[in-house]
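Examination of the molecular architecture
As a plain string of letters, each chain reads:
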Amino acid sequence: MKKVLIVIFIVILAVSGYFVYKQFFTKPSIKVIETAKAEIANIRGVLVASGIIKPQVGAVVKIGARATGTIMKMNVKVGDKVKKGQLIALIDDREILKLIEQQKAAIKDAEANYNYAKINYERQLELIKHEYTTKDQVDLAKNRLDSSLANLDEKIATLKQTETRLTYTRIYAPIDGVVSDVTAQEGETIVAGLQVANLVTVINPTMLEMWIYIDETEIGRVKLNQEVEFYVDTFPDKRFKGNIEKIYPQPVVKDNIVYYLAIVKIKPQDAVFLRPEMTANVKVIFEEKANILVVPNSAIKFERGKQVAYKVTGPNQVQRVEIKIGLRGEEKTEVLSGLKEGDELATKLILPVQPKP
């Protein structure tokens, strides 16, 4: 039993001695895992923001009805493509057509009266030359002519108004596009004036724009005509491009954060892939530099308020170097001082933990 205790005691001493040796007598080791070289290259500064795909002004048209009556035909449904001028719906026009026939007949009577009055007036003028009539008869004929002409003009104007009302019963597409909403069907009756009789909504899917939400801390870097790259989650590998066309002065507050809207018009060939209200992941390119000294972003460390890099001097050996940086890009950063082209830097390394005094 005593021998067993002695063996255990020796083992404990050995283990403790090993850890004491490692802690106080071995030199901390550095392990370099990945490296990269400082090089001359091009970089660009970008702002990362979120955007929303929206229809442009005029891209969505709600088509209403100004006529009262029953819908006799509804020629479209949601998803149908329509052309400008295409007949979309027809409202019952039988009463108006009958009224037009009656008014045309009344115009014929008015024309006959006018023609008779005109002939009579011309005859009275000839008779007065030979003193076969009186001036009163001439004046009376003139008044009848003027009255018949006024009556004819009134009836023609009334017919034109009725024909205009007839056009209200025929609903045409005002733009090329796709039907996005249909609120009434054949057989339903609409009453113009008592309700907003919006029948069909048509959207032009090629007229899209993107609203970019720029944080108030970054809006100073955003300018008109700057290039923009973006993608949507449904096409993560497809990159779309555009330019900033407008920057709205009025702020937008979301979740207690102030944003300003930058507007990018989407190209028709790109709009084929996009839909309103899609979320976009956006990069605004605010600066580009060419042929400058750059290093990977991962090679730059921030220690005690200073920018440093670890230059590799040998196997698992590094030298801490203070540097000054310029433009920070998506993957690389400009180096203004502290390094030169070809310097090998540790981008991923393990530094020893220094023992506390």
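Predicted model, so just to flag it, every value in this text is computed and none were measured.

Description of the overall build of the protein chain
Counting its secondary structure elements, the protein chain contains four helices and 21 strands. Burial analysis of the protein chain (357 residues in total) assigns 34% to the buried set. For the protein chain, restricting intrachain contacts to residue pairs at least 6 apart in sequence, the fraction spanning at least 24 positions comes to 74%. Approximately 23100 Å² of the protein chain is accessible, and the part contributed by carbon and sulfur atoms is 53%.

Remarks on the environment of threonine 162
Structurally, threonine 162 can be placed in helix 3 (residues 135-167). Excluding residues within four positions of it along the chain, threonine 162 makes contact with Ile96, Leu99, Ile100 and Gln103. Side chain to side chain, threonine 162 and glutamine 103 meet in a polar contact 2.8 Å long.

What to know about the packing of aromatic side chains
This structure, assessed with the given rule, holds four aromatic pairs. Taking the centre distance of 6.0 Å and the plane angle of 85° together, the rings of tyrosine 213 and tyrosine 259 count as edge-to-face. Remark: tyrosine 259 occurs in strand 14 (residues 257-265) and tyrosine 213 occurs in strand 11 (residues 208-215); sequence separation between them is 46 residues. Judged by relative accessible area, tyrosine 259 falls into the buried class, the value being 18%.

Considerations on the sheet that holds strand 4 (residues 69-74)
An order of 7-6-4-9 is seen for the four strands of this open sheet, with the pairing classed as antiparallel. The open sheet has two free edges, formed respectively by strand 7 (170-172) and strand 9 (189-190), since each of these has just one partner strand. In this sheet, strand 9 lies alongside strand 4 in antiparallel orientation, the contact comprising two bridges. In the strand pairing of strand 9, glycine 69 is matched with isoleucine 190.

Digging into unusual backbone geometry
Notably, asparagine 256 is not glycine yet its phi reads approximately 65°, a positive angle. Mapped onto the fold, asparagine 256 is located in the loop between strand 13 (235-254) and strand 14. The exposed category is assigned to asparagine 256, whose relative accessible area is 78%.

Structural notes on the packing of helix 2 (residues 94-129) against helix 3
Running from N to C, helix 2 and helix 3 cross one another at 160°; their axes reach a closest spacing of 8 Å. What the angle tells us is that helix 2 and helix 3 run roughly antiparallel. Here the hand of the crossing between helix 2 and helix 3 comes out left-handed. Partitioned by chemical class, the residues of the contact of helix 2 with helix 3 number 20 nonpolar, nine polar and nine charged.

Thresholds, definitions, all that
- Per chain, the residues get numbers from 1 upward, laid out in the order the sequence is written.
- The model is predicted, so local features are restricted to residues of pLDDT at least 70 and side-chain atom pairs to those at 80 or more, both for listing and for counting; the totals for chains, interfaces and linings are taken over all residues.
- Only heavy atoms go into the side-chain values, all of them from the structure, while hydrogens and water stay out.
- In this description a helix means any DSSP run of H or I spanning at least four residues, a strand means any run of E spanning at least two, and both kinds are numbered starting from the N terminus.
- Only protein chains enter the accessibility calculation, which uses a 1.4 Å probe. A residue is then buried if its area is under 20% of the maximum for its type, exposed if over 50%, and partly exposed in between.
- For this analysis, residues touch if any pair of their heavy atoms sits within 4.5 Å.
- All accessible areas in this document rest on Shrake-Rupley with a 1.4 Å probe, and a residue is counted as covered only by the protein chains that are shown.
- Polar contacts, as counted here, are pairs of nitrogen or oxygen atoms within 3.5 Å of one another; within protein the pair requires one atom able to donate a hydrogen and one able to accept it, and residues that are adjacent in sequence qualify only if both atoms are side-chain atoms.
- Pairing of aromatic side chains here covers Phe, Tyr and the six-membered ring of Trp, requires ring centres within 6.5 Å, and sorts the geometry by plane angle: under 30 degrees stacked, over 60 edge-to-face, intermediate tilted.
- Pairing between strands is defined by DSSP: at least two bridges between the two strands are required.
- Each axis is a line fitted through C-alpha atoms, taken for helices only over the stretch in contact, and angles between the N-to-C directions span 0 to 180 degrees.
- In this scheme, roughly parallel covers angles under 35 degrees and roughly antiparallel covers those over 145, while 65 to 115 is roughly perpendicular and the rest are oblique.
- Crossing chirality is assigned from the near helix's rotation relative to the far helix, an anticlockwise turn below a right angle marking it left-handed and a clockwise turn marking it right-handed.
- The residue classification treats Ala, Val, Leu, Ile, Met, Phe, Trp, Tyr, Cys and Pro as nonpolar and Asp, Glu, Lys and Arg as charged. All others, Gly included, are polar.

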